[in-house]
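Read off the chains here:
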Amino acid sequence: MIIVCALRIVRLTLMRRETRIASMFNSQGKTIMATVIRRDTRAWKIQVWISFSMAAFLCGTGLAWLPGKALEQAFMVMGYVFSLSTVFVLSKHVRDQAAAQDGTPMWSLVVWAGFALAVGLTGWGMWQMAIDACYKAFLMVCWLFLLSSAFTLAKMLRDAHEDDVVAMSVSQ
């Protein structure tokens, strides 16, 4: 149910973000092309940055107070950083594929396998840790919040970049 709602939101967002080109006629009957660039609102940008910052802060707090051995703490920090970096790589890869910028099939495999390994190993490490179930739940929720807010941040940054490219090409 949640996945279906998320997919609908993503689809509506992508439809909203499309650059729309409308033809208009001037008084002499010539066709003029106008490009409408729909940018994200300032409130949305602030909300995305606050959401990502809160997720990073909560993850940092959970990892800083993580009970257990230093090796377990180091594993979890590396897992969080690896997961976060693969989110940005996967976001860019999926967006490039949608824009028909073909990459090699091996690169797709590397990107998807890296994301799966990062998420799988971090989740496995969290599950195997000998800590209280409430603490595990806190770490898991913060980690998932970080991943989802990172996907949103990556999309917002990429949208802003693409809008700037279109604006530059229109102004020339």
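As a reminder, the structure under discussion sits directly above these lines.
The paragraphs below set out a description of the structure included in this document. Everything numeric here is computed off the predicted structure, so don't read it as measured data. (Residues numbered from 1 in each chain as written. Predicted model: local features only at pLDDT ≥ 70, side-chain atom pairs only at ≥ 80, totals over all residues. Heavy atoms only, no water.)

1. Observations regarding the overall build of the protein
A count of helices and strands for the protein gives five helices and two strands. Classification of the 172 residues of the protein by burial places 27% in the buried group. Of the accessible surface of the protein, which amounts to about 11,600 Å², a share of 72% is contributed by carbon and sulfur atoms. (Helix = DSSP H or I, 4+ residues; strand = E, 2+ residues; numbered from the N terminus. Buried < 20%, exposed > 50% of the residue type's maximum accessible area, 1.4 Å probe, protein only. Areas by Shrake-Rupley, 256 points an atom, 1.4 Å probe, with all protein chains shown as cover.)

2. As for the packing of helix α3 (residues 70-98) against helix α4 (residues 105-128)
Following both chains from N to C, one finds α3 and α4 inclined at 150 degrees, their axes separated by 9 Å at the closest point. Classified by the angle their axes make, α3 and α4 are roughly antiparallel. Crossing of α3 over α4 shows left-handed handedness. Partitioned by chemical class, the residues of the contact of α3 with α4 number 17 nonpolar, nine polar and no charged. (Axes fitted to C-alpha atoms, helices over the stretch in contact; angles between N-to-C directions. Parallel < 35°, antiparallel > 145°, perpendicular 65-115°, else oblique. Left-handed = near helix turned anticlockwise from the far one by under 90°. Nonpolar A, V, L, I, M, F, W, Y, C, P; charged D, E, K, R; others polar.)

3. A word on the nonpolar core
Side chains of nonpolar character tend, in soluble globular proteins, to be buried together. Residues Leu63, Leu66, Met76, Tyr80, Met126, Ile131 and Leu139 are the most contacted members of the largest nonpolar core, which totals 24 residues. Elements supplying a minimum of two residues to this core: α2 (42-64), α3, α4 and α5 (133-171). With nine residues, α5 is the single largest residue contributor to this core. If near-sequence neighbours (up to four positions away) are discounted, Leu139 is found in contact with Gly62, Leu63, Leu66, Tyr80, Met126 and Ile131. (Core = buried A, V, L, I, M, F, W, Y, C linked by side-chain atoms within 4.5 Å. Contact = heavy atoms within 4.5 Å.)

4. Considerations on the packing of α4 against α5
Two elements in contact, α4 and α5, have axes separated by 10 Å at closest approach and are oriented at 165 degrees. In terms of orientation, α4 lies roughly antiparallel with respect to α5. Like other packed secondary-structure pairs, α4 and α5 cross with a definite hand, here right-handed. In contact with Phe115, Val119, Thr122, Gly123, Met126 and Trp127 of α4, α5 contributes Lys136, Leu139, Met140, Trp143, Leu147 and Phe151. Here the contact of α4 with α5 is built from residues that sort into nine nonpolar, two polar and one charged.

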